[in-house]
Amino acid sequence: MKKNLESIRLAGLLFCLTPVAAAVAQTAAPVDSLTVAAAPEAVVNDEAYRVVVTGARAPVALKDTPQRIEVVTRQEIRETPHRELADLLGKTTNVDIKRYPGMNGSVGMRGFTPSSPMTGESMQTLVLQNGLPAVNNNISFMPVNGVARVEVMKGPASSLYGSQAMSGVINVIPVRRTGDIQGGVGVSAGNHNLRQVEADIGGAINETLNFDYFGNWEKRGDYKDGHGQTMEFSGYKQHSHGLRLGAELAPGWTLDARADLFRANDVQNPGPDPEIRQFETSKDADRDLYSLTLQGKVDQHTLSAAAYTGKENYLNYDLKKDGRLVQSYDSRIKWHGLQLKDEWDWAEGYKLVFGYDYNQTKASARSGTPPWTFSYNPDSKLKTHGLYAQQNISLNEGRTNLYVGGRYDRITMSTLPTDGLGNVTQSRDFSQFSPSAGIKHELAPGISLHASAGKGFSAPSAWKLSGEYSGSDWKQDANGNWYPVPITYVGNANLDPESSVSVDAGIGFERDNWNMDLTLYHTRIKDKIVAYDVSPGLKSWRNADEARMRGLELAGNWQFNSNLRLDLGYTHSFRSEQRNGSVWSPLEYVPKNTVRAALVGNWDKLHARLGARYNGKSWKSRAERGGYTLWDMSLGYAINKHHTLSLSVDNLFDRYYEEVHGYNMPGREIRVGYRWNFR
């Protein structure tokens with residue numbers, strides 16, 4: 001009852017922002033917000049990125065959004081040296097990243113620890129692909145090839161997207177070409193035995209049909225760290241493919257079918273430092289996402305319906321001393337769902353976005369070696385029905401923009417019969433309401449204030465609610481040898497979702513040749529789910545702890561002239577900690593300070609970029625670890641409109657660093673490339 005009262009009070013506070021905003025606006029007549037001639041997905045040039053879709057699930061001018069949204073453009077993707085999506089985001093946006101060798105990455109923001117959850121467990125930063133769940137439990141399995149832009153929205157987004165969006169949303173939006181057919185082929189090579197081929201083609205087949213295809217093949221060998229030590233068993237092979245078929249069914253009506261496939265083989269992880277005795281591991285991974293999207297316009301309504309299905313699987317192997325690879329883990333997750341949405345322009349300056357989401361996820365994990373495979377947690381199923389609405393209002397000739405909205409989720413979590421466990425099938429239903437609101441007001445030309453507030457939540461996994469199963473924990477004897485200890489896990493049917501309340505406020509400046517935004521944020525998490533010992537050999541979970549995060553973000557750029565630009569970003573964490581009992585301790589992998597900067601030059605035929613990222617001190621493995629600075633650079637020269645040469649260097653000064661304590665990351669990486677374009 002107490003939680004319901006808190007939700008009601010917060011909802012009332014948020015909805016009260018509507019008349020407050022109107023008073024600030026000092027106007028009686030609303031006006032139209034920015035009209036977009038075409039959906040932002042339909043264009044590739046960077047000018048289109050002035051319109052974003054993540055903050056409202058509908059096209060809105062970036063300058064009018066109260067939420068903090070950072071956009072990584074297609075040009076930045078091409079020009080920034082990166083291994084994978086997490087690496088790219090760390091160099092171009094104000095987020096925290098954590099990567100292990102062997103394609104295992106995660107992203108956090110605003111004090112939320114970047115973490116890769118266990119199979120079937122909720123994430124706290126939601127990853128989308130073109131607005132749909134990305135069918136993804138590991139952000140390293142998200143290809144960047146064929147991406148038009150990435151929108152990173154900060155702050156709680158549960159009012160639009162439900163669970164897993166407590167800290168924000170990362171929306172990866174693919175290229176959609178409907179004009180003349182164009183494309184190209186690129187090849188590149190580098191040290192660490194890098195070999196890569198990429199190809200793409202897309203455009204209109206005729207007046208009715210259009211398509212896009214993007215393919216990428218990549219192979220890497222063992223890398224050297226910043227000390228010059230070769231990290232044996234650290235290479236991998238991967239390839240990805242994205243195919244879209246589109247049809248213009250009638251004026252204003254489109255139908256798109258997409259298939260996105262990712263495969264990685266022999267993805268090797270050398271493990272921690274050599275002095276730590278640990279077996280190397282390898283994995284094979286595959287990820288598929290299939291979707292069908294229908295969109296059209298009827299009078300003042302823009303309607304859309306999307307259905308999707310997908311899976312993410314990977315097999316993990318341990319490398320034994322005799323060179324054998326022995327299977328040790330098998331993870332399988334399946335998604336499918338449906339989205340219905342209406343964007344209703346019911347009056348000048350008033351857009352109501354509302355809709356329905358359905359999602360079902362099934363997860364299973366096995367440990368051990370076939371045929372003696374066993375489960376350390378039961379198979380699970382999660383069903384979610386969500387209803388949401390957000391009212392967007394533009395007032396005072398577009399100088400004041402605000403939104404208010406909320407979402408109701410009905411969630412069913414179940415454990416399923418699981419071989420080797422003998423567990424009892426159980427399920428639990430619960431509901432969650434998540435309100436939010438925000439306002440942005442232009443005080444004077446080029447100076448604006450913005451603020452937002454909202455509630456987020458993260459659902460507990462089914463096996464923490466209703467599982468009852470046996471497993472093992474690992475302990476170390478006096479000689480340093482590890483041995484298994486039997487342990488029983490019992491679910492807690494009374495667990496509540498983790499919930500958060502977040503507020504932020506900031507000021508933005510925009511001039512002809514520079515812009516800047518400074519934002520303060522504060523988040524409080526309640527009912528954190530933690531494991532505890534019921535008795536010797538028996539564990540369970542409870543809502544016990546809380547966490548709090550507070551900090552500031554600074555982002556901006558300065559266009560020195562038509563050819564040269566400086567991009568800057570800074571995040572300072574005043575507080576990022578959680579309470580265990582009566583003791584507050586720092587959250588791990590959240591740096592006290594991060595700074596990123598990039599000097600970008602574009603001339604007639606030449607592109608140049610020099611970038612740097614400083615990761616400050618943070619708590620890792622229960623101790624404070626030192627920070628580090630990494631530099632990168634890239635050059636591109638267009639011989640003519642068909643032929644381009646490129647050079648990039650990542651970790652320019654060959655710095656030794658660890659993103660996870662004990663795991664040596666790659667040293668200097670050099671790549672040279674050539675691309676042939678046709679249009």
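To keep things clear, this report deals only with the structure shown in the data block. All values derive from a computational prediction rather than experimental measurement.

1. Looking at the overall build of the protein
Here is step 1: Scanning the protein for helices and strands turns up 6 helices and 38 strands.
Here is step 2: Total accessible area computed for the protein in this model is approximately 29600 Å², and 56% of it derives from carbon and sulfur atoms.

2. Side note on unusual backbone geometry
Here is step 1: You will see that Asp527, though not glycine, has its phi angle at about 60 degrees, which is positive.
Here is step 2: Locating Asp527 in the fold gives a position in strand S28 (residues 514–535).
Here is step 3: One non-glycine residue, Tyr589, lies in the positive phi region at around 65 degrees.
Here is step 4: Following the sequence through the fold, Tyr589 ends up in the loop between strand S31 (583–586) and strand S32 (593–602).
Here is step 5: Note on Tyr589: relative accessible area 10%, which makes it buried.

3. With respect to the pattern of salt bridges
Here is step 1: Inspection of every chain in the model, using the stated rule, returns 43 salt bridges.
Here is step 2: Its salt-bridge partner being Glu248, residue Arg176 comes within 4.0 Å of it at the nearest N-O pair. Taken as a pair, Arg176 in the loop between strand S9 (168–174) and strand S10 (182–190) and Glu248 in strand S15 (residues 236–250) lie far apart in primary sequence, 72 residues in all.
Here is step 3: For Arg176, a relative accessible area of 12% corresponds to the buried category.
Here is step 4: For Arg177, the salt bridge identified is with Asp200, shortest N-O distance 3.0 Å. Taken together, the residues span a long stretch of sequence, with Arg177 in the loop between S9 and S10 and Asp200 in strand S11 (residues 194–204) at a distance of 23 residues. Here Arg177 and Asp200 have matching classes, each one buried.

4. A short note on the packing of aromatic side chains
Here is step 1: If you walk through the whole model with that rule in mind, you get 11 aromatic pairs.
Here is step 2: Considering the side-chain rings of Tyr628 and Tyr657, the 5.1 Å spacing of their centres and the 40 degrees angle between planes classify their relative orientation as tilted. A residue pair is termed long-range when its members are at least 10 positions apart, and Tyr628 in strand S36 (residues 628–638) and Tyr657 in the loop between strand S37 (643–650) and strand S38 (669–678) qualify at 29 residues.
Here is step 3: Note on Tyr628: relative accessible area 8%, which makes it buried.
Here is step 4: Relative to Phe653, the ring of Trp631 lies with its centre 6.0 Å away and its plane at 80 degrees, an arrangement referred to as edge-to-face.

5. Digging into the environment of Trp514
Here is step 1: Mapped onto the elements of the fold, Trp514 is located in strand S28.
Here is step 2: Along the chain, Trp514 and Gly556 lie 42 residues apart, while their C-alpha atoms are 7.3 Å from each other.
Here is step 3: Apart from the residues lying within four places of it in its own chain, the contact partners of Trp514 are Phe509, Asn557 and Trp558.

6. Section: helix H4 (residues 85–92)
Here is step 1: Within H4, 8 of the 8 residues are buried, which leaves it mostly tucked inside the rest of the structure.
Here is step 2: Listed as buried for H4 are Leu85, Ala86, Asp87, Leu88, Leu89, Gly90, Lys91 and Thr92.

7. Concerning the nonpolar core
Here is step 1: Membership of the largest hydrophobic core comes to 20 residues, with the highest contact counts inside it found for Leu85, Leu89, Val107, Ile139, Val150 and Ile170.
Here is step 2: Of all elements in the fold, only H4, strand S8 (147–154) and S9 reach the threshold of two or more residues within this core.
Here is step 3: Considering every element that reaches this core, the biggest residue donor is H4, with 4 residues.
Here is step 4: With 14 residues, the next largest nonpolar core counts Val52, Val71, Met153 and Val169 among its residues.

8. Some thoughts on the sheet that holds strand S6 (residues 125–129)
In a beta sheet, neighbouring strands pair by backbone hydrogen bonds and run either parallel or antiparallel.
Here is step 1: As summarised here, the arrangement of the 5 strands in space is S3-S8-S9-S6-S7, forming an open sheet in which the pairing is mixed. Sheet topology places strand S3 (69–73) and strand S7 (132–133) at the edges, where each strand pairs with a single neighbour.
Here is step 2: Two elements, S6 and S9, share 5 bridges in a ladder whose sense is parallel. Across the sheet, Leu126 pairs through a bridge with Val169, a residue of S9.

9. A short note on the pairing of strand S29 (residues 538–559)
Here is step 1: Note: S28 against S29, 19 bridges, orientation antiparallel. Residue pairing for S29: Asp533 is matched across the bridge by Lys539.
Here is step 2: In this structure, the hairpin formed by S28 and S29 is closed by a connection of 2 residues, where Gly537 is found at a positive phi of approximately 85 degrees.
Here is step 3: One ladder, built from 14 bridges, connects S29 with strand S30 (residues 564–580); its direction is antiparallel.

10. Observations concerning the side chain of Ser158
Here is step 1: With respect to the helices and strands, the residue Ser158 is situated in helix H5 (residues 158–161).
Here is step 2: Of the residues examined, Ser158 reaches a relative accessible area of 0% and is grouped as buried.
Here is step 3: Separated by 2.9 Å, the side chain of Ser158 and the backbone oxygen of Gly162 make a polar contact.
Here is step 4: Separated by 3.2 Å, the side chain of Ser158 and the backbone nitrogen of Phe457 make a polar contact.
Here is step 5: With residues near it in sequence (within four places) discarded, Ser158 still touches Ala165, Met166, Arg407, Ser434, Lys455, Gly456 and Phe457.

11. Considering the pairing of strand S21 (residues 380–395)
Here is step 1: As defined by bridge partners, strand S20 (residues 350–367) adjoins S21 across 14 bridges and the pair is classed as antiparallel. Across the sheet, Val353 pairs through a bridge with Gln390, a residue of S21.
Here is step 2: Relative to strand S22 (residues 400–415), S21 is paired through 16 bridges, and the arrangement is antiparallel. The partner of Ser394 across the bridge, within S22, is Asn401.
Here is step 3: If you look at the hairpin formed by S21 and S22, you'll find 4 residues sitting between the two strands, and Asn396 has a positive phi there, around 55 degrees.

12. Details of the side chain of Asp567
Here is step 1: Looking at the element boundaries, Asp567 is found in strand S30.
Here is step 2: Engagement of the side chain of Asp567 in a polar contact is seen with the side chain of Arg565, the distance being 2.8 Å.
Here is step 3: Non-local contacts of Asp567, meaning those with residues more than four positions away in its chain, are made with Glu76, Gly556, Asn557, Arg596, Ala597, Ala598 and Val600.

13. Considering the environment of Ala259
Here is step 1: Along the chain, Ala259 falls in strand S16 (residues 253–269).
Here is step 2: In this structure Ala259 comes out as partly exposed when scored by relative accessible area, which is 22%.
Here is step 3: Separated by 14 residues in sequence, Ala259 and Leu245 have C-alpha atoms that sit 9.1 Å apart.
Here is step 4: Excluding its chain neighbours within four sequence positions, the residues that come into contact with Ala259 are His241, Gly242, Leu243, Leu289 and Tyr290.

What counts and what doesn't
Along every chain, residues carry numbers that run from 1 in the direction the sequence is written. In view of the model being predicted, local features appear only for residues whose pLDDT reaches at least 70, and side-chain atom pairs are presented and counted only at 80 or more, with totals across whole chains, interfaces and linings using the full set of residues. Hydrogens and waters are ignored; side-chain quantities use all the structure's heavy atoms. By definition, any uninterrupted DSSP run of H or I lasting at least four residues is a helix, any uninterrupted run of E lasting at least two residues is a strand, and each is numbered from the N terminus. Surface accessibility follows the Shrake-Rupley procedure with a 1.4 Å probe radius. Residue values consider only the protein chains on display as shielding. Note on exposure labels: buried denotes an accessible area under 20% of the residue type's maximum, exposed denotes more than 50%, and partly exposed covers the range between, all computed with a 1.4 Å probe on protein chains only. We define a salt bridge as a contact between a side-chain nitrogen of Lys or Arg and a carboxyl oxygen of Asp or Glu at a distance within 4 Å. Each aromatic pair joins two rings of Phe, Tyr and Trp (for Trp, the six-membered one) with centres within 6.5 Å, and gets the label stacked for planes under 30 degrees apart, edge-to-face for over 60, and tilted for any other angle. Residue contacts are counted whenever heavy atoms from the two residues lie within 4.5 Å of one another. Joining through side-chain atoms within 4.5 Å is the link that ties buried Ala, Val, Leu, Ile, Met, Phe, Trp, Tyr and Cys residues into a set, and such a set is a nonpolar core. Note on pairing: two strands pair once DSSP finds at least 2 bridges between them. Here a polar contact is taken to be a pair of N or O atoms separated by no more than 3.5 Å, where protein atoms must pair a possible hydrogen donor with a possible acceptor and residues adjacent in sequence count only if both atoms sit in side chains.

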